[in-house]
Amino acid sequence: MQKEINADQNYQKTLIETGWVCFEEATAETYKHLGFKSGLEIHQQLQTREKLFCHCPTGIYQDFDDYDAEIVRHMRPTLSELGEYDGTALMEFKTRKEVIYRIKNRTACTYEVDDTPPFPLNRQALEIAIEISLLLKQYIVGEVHITRKQYLDGSIPTGFQRTAIIGIEGAIPLKNKPIRLIQLSLEEDSCREVSDIGHRRIYTTDRLGMPLIEMVTYPEMLTPAEVAEAAHYLRFLARSTGKVRTGIGAAREDVNVSITGGTRIEIKGVSHIREIPLLVHVEAFRQKALLTMREKLVAVISDPKSWQTRSCILDLDVKAVAYPFPESSQKLVAVLLPKFKGILSHFTQPGKDFSSELSDRLKVISCLEKPNLIHSEMANVEEFDHLAKLIKSRLKAEPGDAWICFAGPDEDIPTAIETIQERCQLAFEGVPRETRKSLADGNTLFERVLPGADRMYPDTDSAPIPVPEEDIEQIRNSLPVDLPFRLAQLKEWQVPQDCWTYLLRNNLMPVAEQIVNDFEVEPLFVCTLLAQNIKGRMRLKKKPFPFSKLVDIFAFLKDNNIKWELIKEMIPIIIDNPKIDFQSILNLLSWKKEISSDLFSAVPYFTKSVLKDCRIDCKTSAISWVMGKLRPRALGNVDMQEIFNAIEKQITTQEKKND
Amino acid sequence: MTESIQGYKGKALEVIKKFHVRVWSDALIKSTRGEFQGIILPRSENDDQFHIVLKLATGYNVGIDVHTITEMTEIGYKEAHYKIPEKEFPFTPGLPKVKLLGTGGTIASRLDYRTGAVIPAFSPGELYGAVPELAQICNLDTEKVFAVFSENMGPMQYKKLAVAIGEEIEKGIKGIIIGHGTDTLHHTAAALTFMCQNLPIPVILVGSQRSSDRPSSDAALNLMHAATAAGHGDIAEVMICMFGPTSDEYALLHRGTRVRKMHSSYRSTFRTIGDIPLATVTRQGVQAIRNDYNPRRNDHQVKILPYFHDKVSIVYYYPNMQPDIIDSLVDNGYKGIVIAGTGLGHVNKLIYPAIRRAAAAGVAIYMTVQTLWGFVHMFVYDTGRDLMAMGIVPAENMLPEVAFIKLSWALGQTSDLEEIKKIMLTPISGEITKGEPYNGYLIYQGGIPEVEEFIRKVHK
């Protein structure tokens, strides 16, 4: 009998052959060697009151079990404008999903469920999109054409997303180089997925139709760090308008990755920019692994085109196999992969091998829930010895072949066999074009075949919208300050780097600037107040701070001749009571106006007592003790540094005296 | 007439000519707003003359303002041929032969650049390419009787269809599907009910509310339901087959004389009015929900009565309607008027003289109700009695559109008012019923707790 392969050893061996470098050890050179290239698609929801194509309110979300009605739909592929079927569309059709929409009357009308044509495009959304397009230095189109982009996964009940190009080209300046943009489009957001099990996928329609923009860059980022930098930049730029949504899901990133010899893979739905570097790193090596695997395959199999799987239905009860196949499984199916030995356990991602590429596709395309396969290169394959023997004899396996066994309901078996054949065949080509779902550990999962331009179709329900020069000029005249200017400003103000993200992400620079200019406050004080004190307090209390009131607070302090430091004490109270008037805050703090000479003259009394009665001999402790006594009275009345200096001086003199 | 090339006219056409580019050329356009590259697409005729439509490499379309264009260069050429893949419709022994008669509409359609809208595409091969499941239901043959949009259907088309139905039955077909735009589907259904009597097989009218160029279209499922009802159903009547709920679940078969399009855009737009539908249809088969239907037979004994008179009108009454509305109909030679009256079948006194004048001129006048549900009852109030005395005939619970079709059909056969009255008031297929069942009027009101509960549990 042939010697079975050791899956763990093979995984380790192929990991080394792939040239895997862990993320922490990778350098720019690592990525240059791979031919790493990455581009971004940043989705950012816009802050409008109503949805893009109907008058339903935005930003109201339902619990997944809270709905007024359910609607059932199925999607069918249709032809593109140029008369082609899209590959993704055909794949999605194979999956034969029943799609259920859970609607709430408050956030959905007949438009959301595709029972009425679109209402005219939301002008507010269009203007915000033009504004951001201008900030990106793009070419604005003369006429906006609504296009239908097919999505057969059901995430949009029409089966397509209404989307339109607002501007093309443009660029953003990163630290080392500019990154060019391909386009900015204005589009409607999709449904939120509740679940996707077997042939049934459930969505809610609350988010559906909310306006968002998609900013797409060229694949010009050459390291993971550059990708993150570009993502931050684009996000800050959108935020600088003050007209985009914030919060969970308001901004989502899709990242495109390719390496030399690989192909463009789209990683979808990344919700935190900090996750991007690891994701793209892992994906680059996954492609490298698939290319390494390809070399091995073509060396063994001379004519890939005629390579075929062999399959049979096993005369064995599903339950007789000690493996947790899904409940609905009726039959066991064996598939032989001739000359594929060493491939199924071939490294693809950390902790994953090629068999998981097959398993993912079986889940998505053939609706076979995981765990869905036993194969010849599993770590514990010896537990299925009986099954292995049966398969090998039924399919006349030769040494060097690999096998897979899956279970499923009758109607899914042909698709599943086809899916395995198709994915294995693609292994001869290298990296198949896919969109992949991001996971928290940096790995990705197959989501669907990457769609092409064939899924675009003009929206016959809406007329083109001209964008006249006057409209653009009007928007241009009220553009927010350019992001590079803000970055220079932060540098000039000597604001610590760790505050930048918070200030830019929350678009706080305009208010900081106003306070600095109107009240002559130290820029550093304002920026740290925002990015450290207020941020920290908000985190602690898990409540927002009404930033719009900040200017008024400074004005109040100025009018009452109160020192700025007091504001730090006022913040927690404002967070708890956003509508409170400022005088009441002072009352709550028991704050009283004191004459500064009174405070300074109290210094000797306290220093005397600290040194004599309390017998604190360390000088710093003595200063803090006195400072603590005087602080509540001094705060807002005198400059804290001055009072500190006075205490220090007093203690030093006293000490000398005592000596 | 102004010159137009593929929808481009005026200023846009001038610019295209000036730079020697063509529609379908891959062009580089320099403009004051920047450079754009893509394929120049045809433009919809009704759009303005100041923009050129470009398909970018990403598949998106954009418009370029011709005033901003400084230069255009043709760098390639790619003309699109939009075609539904055509596959030969396979013959399966044992499945019923069904004929699909095409009239136009959105059952299968493709993009029309001229109008920017979708136009019907139609052949067994195309249909099979788009809806391959049909081959598991029946052996389908198709014939394009004519191609008009639903709103352009009229007497000519009704008669042509009736004759075509007669011929198909003669040839032994097992069921007929008529593909039709939805706007006037119920008018055609009524006309065919009167023109094709004693049917031995089902005649199913079907359309779609979402054109088949979209993934969520109801067209494919409607076709499958219609094919099932036509090939396998036992009900041999003229029926409309469209979505029951808006969900992709089942269709309803509505009797051709009691059905009406009730929503401008919903999939479940067709409703039986003042009665219950005949059956539900799924891909598994037809489930009758009443048994007083005309059952399928094996003979070919159909009566085709293709008559129609053009000079009939519906008058939708409104307060303060002036007599000249009626007068002008009479003066223009109209022979029949169906009034959609208020309430139980009323109009104001202001138009009494006009009605007397019309009756004296020998015009057949029938009263229906604009409430749609319920019977005309003209004995309840004086107004009603006055009107009857003047010669208006109450049309029971015939729907206004059905009364219009039936009166046109009756006038197509005779001008004798008594004869017409006999035809009008003798029901042929449920257009007048003996009474209205309690569940014939169900318009649930949203917001009421028990209705909300029902909607939450059952797909509407």
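Just so it is clear, the structure is predicted and the values come from calculations on it, not from any experiment.

Enquirer: How should the overall build of chain A be read in this particular structure?
Expert: Along chain A, the regular secondary structure elements total 20 helices and 24 strands. Projecting the C-alpha coordinates of chain A onto the three principal axes gives extents of approximately 100 × 70 × 50 Å. Considering only intrachain contacts with a sequence separation of at least 6, the fraction spanning at least 24 residues in chain A is 76%. Within the structure as shown, chain A displays about 28,100 Å² of accessible surface, and the carbon and sulfur contribution to it stands at 51%. The average position of the 85 basic charges and that of the 94 acidic charges among the side chains of chain A differ by 4 Å.

Enquirer: What am I meant to see in the interface of chain A and chain B here?
Expert: Note on interface size: it is often stated as the accessible area lost on association of the parts. On the chain B side, the residues contacting the 63 residues of chain A number 61 residues. For the pair chain A and chain B, the summed buried surface comes to about 4,700 Å²; carbon and sulfur atoms form 50% of the total. Taken together, the links from chain A to chain B amount to nine salt bridges. We note a salt bridge from Asp114(A) to Arg267(B), for which the minimum N-O separation is 2.7 Å. At the junction of chain A with chain B, the criterion picks out 31 residue pairs in polar contact (both at pLDDT 80 or more). Those elements that provide at least two residues to the side of chain A that touches chain B are strand 2 (69-73), strand 4 (139-140), strand 6 (147-150), strand 7 (160-168), strand 9 (178-188), strand 23 (456-458) and helix 10 (469-477) of chain A. For the side of chain A that touches chain B, the element with the most residues is strand 7 of chain A, which contributes six residues. Among the residues making up the side of chain A that touches chain B, the classes are represented as 30 nonpolar, 17 polar and 16 charged.

Enquirer: Please explain the sheet that holds strand 2 (residues 34-40) of chain B as it appears in this structure.
Expert: Remark on secondary structure: sheet strands pair via backbone hydrogen bonds, oriented parallel or antiparallel. Spatially, the seven strands line up as an open sheet ordered 24(A)-5(A)-4(B)-3(B)-2(B)-1(B)-5(B), and their pairing is antiparallel. Edge strands, defined here as strands with exactly one partner in the open sheet, are strand 24 (465-466) of chain A together with strand 5 (69-77) of chain B. Summarising the sheet, strand 3 (residues 51-55) of chain B and strand 4 (residues 61-65) of chain B pair through five bridges and their orientation is antiparallel. Each bridged residue has a counterpart across the sheet, and for Leu54(B) the counterpart in strand 4 of chain B is Val62(B). Running at roughly 60 degrees to strand 3 of chain B, helix 1 (residues 10-18) of chain B makes contact with strand 3 and strand 5 of chain B of the sheet.

Enquirer: Would you mind showing me how to read the side chain of Thr228(B) here?
Expert: Examined against the element boundaries, Thr228(B) turns out to sit in helix 5 (residues 219-232). If sequence neighbours within four positions are ignored, Thr228(B) has contacts with Ile137(B), Gly233(B), Val281(B), Thr282(B), Arg283(B), Gly285(B) and Val286(B).

Enquirer: What is the right way to look at the sheet that holds strand 12 (residues 203-206) of chain B in this model?
Expert: All names here are of chain B. Pairing within the open sheet is mixed, and its eight strands lie in the order 9-6-10-12-13-14-17-18. The open sheet is flanked by strand 9 (139-144) and strand 18 (285-288), the only strands paired with a single partner. On average, each strand axis in the sheet is inclined to that of its neighbour by 25 degrees, with strand direction left out of account. Here strand 13 (residues 238-243) pairs with strand 14 (residues 251-255) via five bridges, running antiparallel. In the strand pairing of strand 14, isoleucine 240 is matched with histidine 254. Contacts from helix 3 (residues 155-170) reach strand 6 (97-102), strand 9, strand 10 (175-179) and strand 12, with the element oriented near 155 degrees to strand 10. Contacts from helix 5 reach strand 6, strand 10, strand 12, strand 13, strand 14, strand 17 (279-282) and strand 18, with the element oriented near 145 degrees to strand 13.

Enquirer: Before we go on, may I ask you to explain helix 19 (residues 619-634) of chain A in this structure?
Expert: Within an α-helix, residues lying three or four positions from one another point in the same direction, as the helix has 3.6 residues per turn. Residues and elements named next belong to chain A. An ideal rise of 1.5 Å per residue puts 22 Å on 16 residues; helix 19 measures up with 21 Å between its terminal C-alpha atoms. Listed as buried for helix 19 are Ala622, Ile623, Val626, Met627, Leu630 and Ala634. Positive backbone phi, approximately 85 degrees, marks glycine 636, located one or two places after helix 19.

Enquirer: Quick question: what am I supposed to make of the packing of helix 11 (residues 483-492) of chain A against helix 13 (residues 509-519) of chain A here?
Expert: Two quantities define a packed helix pair, namely the angle between the helix axes and the distance between the axes. All names here are of chain A. For the pair helix 11 and helix 13, the least separation of the axes is 12 Å and the interaxial angle reads 50 degrees. It follows from the interaxial angle that helix 11 and helix 13 lie oblique. Handedness of the helix 11/helix 13 crossing: left-handed. Across the interface between the two elements, Phe485, Arg486, Gln489 and Leu490 of helix 11 pack against Met509, Pro510 and Glu513 of helix 13. Among the residues making up the contact of helix 11 with helix 13, the classes are represented as four nonpolar, one polar and two charged.

Enquirer: Looking at this structure, how should I read the pattern of salt bridges?
Expert: Opposite charge on two side chains permits pairing when their charged atoms draw close. For the structure shown, the criterion picks out 73 salt bridges over all chains. Here Lys406(B) makes a salt bridge to Glu431(B), at a shortest N to O gap of 2.5 Å. Of this pair, Lys406(B) sits in helix 9 (residues 400-411) while Glu431(B) sits in the loop between helix 10 (417-425) and helix 11 (449-457), and the two are 25 residues apart along the sequence. When sorted by exposure, Lys406(B) lands in the same class as Glu431(B), which is buried. A single network of salt bridges, built from pairs that share partners, joins Arg73(A), Asp114(A), Asp115(A), Arg148(A), Arg162(A), Asp459(A), Asp461(A), Arg210(B), Arg214(B), Asp248(B) and Arg267(B).

Enquirer: Can you walk me through the environment of Thr188(B) in this structure?
Expert: Residue and element names in this part refer to chain B. Mapping threonine 188 onto the fold places it in helix 4 (residues 185-195). Put simply, threonine 188 and valine 238 are 50 residues apart on the chain and 9.7 Å apart in space, counted from C-alpha to C-alpha. Each residue touching threonine 188, except ones within four places of it in the same chain, is listed here: Met153, Tyr158, Leu161, His180 and Leu205.

Enquirer: Got a minute to help me understand the domain arrangement of chain B in this structure?
Expert: By the assigned domains, chain B splits into domain 1 (3-77), domain 2 (97-304) and domain 3 (312-425). Using C-alpha coordinates to define each centre, domain 1 of chain B is positioned 42 Å away from domain 2 of chain B.

Enquirer: I keep staring at the pairing of strand 20 (residues 402-408) of chain A and nothing clicks. Help me out?
Expert: Looking down a regular strand, the side chains alternate between one sheet face and the other. Residue and element names in this part refer to chain A. In terms of residue burial, strand 20 counts as a mostly covered element, since seven of its seven residues are buried. By the alternation rule, side chains of strand 20 split into Ala402, Ile404, Phe406 and Gly408 and Trp403, Cys405 and Ala407, which are all buried. Across seven bridges, the pairing between strand 16 (residues 331-337) and strand 20 is antiparallel. Bridge pairing in strand 20 places lysine 331 opposite glycine 408. As defined by bridge partners, strand 19 (residues 373-375) adjoins strand 20 across three bridges and the pair is classed as antiparallel. Residue pairing for strand 20: histidine 375 is matched across the bridge by isoleucine 404.

Enquirer: Teacher, can you tell me more about the pairing of strand 3 (residues 98-103) of chain A here?
Expert: All names here are of chain A. Of all six residues making up strand 3, five are buried, and the element is well covered by its neighbours. Here strand 2 runs beside strand 3; their pairing, made up of five bridges, is antiparallel. Counterpart to arginine 73 in the pairing with strand 3 is valine 99. One ladder, built from five bridges, connects strand 3 with strand 11 (residues 200-204); its direction is parallel. Across the sheet, valine 99 pairs through a bridge with arginine 201, a residue of strand 11.

Enquirer: Would you mind showing me how to read the packing of aromatic side chains here?
Expert: Any two aromatic rings considered together are summarised by their centre-to-centre distance and by the angle between their planes. All names here are of chain A. Taken as a whole and judged by the stated rule, the model has 21 aromatic pairs over all chains. With 6.0 Å between their ring centres and 75 degrees between their planes, phenylalanine 340 and phenylalanine 428 make a pair best called edge-to-face. Linking phenylalanine 340 in the loop between strand 16 and strand 17 (347-349) with phenylalanine 428 in the loop between helix 9 (413-427) and strand 21 (434-438), this pair joins segments that are 88 residues apart in sequence. The exposure class of phenylalanine 340 is buried, given its relative accessible area of 0%. Given a relative accessible area of 5%, phenylalanine 428 falls into the buried group. Summarising the aromatic geometry, the rings of phenylalanine 554 and tryptophan 564 are spaced 5.2 Å apart at their centres and angled 50 degrees between planes, so their arrangement reads as tilted.

Enquirer: Would you take a moment to explain helix 3 of chain B for this structure?
Expert: All names here are of chain B. The end-to-end C-alpha distance of helix 3, which contains 16 residues, comes to 23 Å, matching closely the 22 Å that a straight helix rising 1.5 Å per residue would cover. Inspection of helix 3 places Gln157, Tyr158, Leu161, Ala162, Ala164, Ile165, Gly166, Glu168 and Ile169 among the buried residues, and these make up the whole buried set. Phi turns positive, to about 90 degrees, at glycine 172, one or two residues after helix 3.

The rules behind these values
Residues numbered from 1 in each chain as written. Chains lettered and ligands numbered in written order. Predicted model: local features only at pLDDT ≥ 70, side-chain atom pairs only at ≥ 80, totals over all residues. Heavy atoms only, no water. Helix = DSSP H or I, 4+ residues; strand = E, 2+ residues; numbered from the N terminus. Contact = heavy atoms within 4.5 Å. Areas by Shrake-Rupley, 256 points an atom, 1.4 Å probe, with all protein chains shown as cover. Lys, Arg positive; Asp, Glu negative; His and termini not counted. Charge placed at Lys NZ, Arg CZ, Asp CG, Glu CD. Buried area = accessible area lost by both parts, 1.4 Å probe. Salt bridge = Lys/Arg side-chain N within 4 Å of Asp/Glu carboxyl O. Polar contact = N/O pair within 3.5 Å; in protein donor to acceptor, adjacent residues only side chain to side chain. Nonpolar A, V, L, I, M, F, W, Y, C, P; charged D, E, K, R; others polar. Pairing = 2+ DSSP bridges. Axes fitted to C-alpha atoms, helices over the stretch in contact; angles between N-to-C directions. Expected span 1.5 Å × (residues − 1). Buried < 20%, exposed > 50% of the residue type's maximum accessible area, 1.4 Å probe, protein only. Parallel < 35°, antiparallel > 145°, perpendicular 65-115°, else oblique. Left-handed = near helix turned anticlockwise from the far one by under 90°. Domains from an automatic or database assignment. Phe/Tyr/Trp six-rings, centres within 6.5 Å; stacked < 30°, edge-to-face > 60°.

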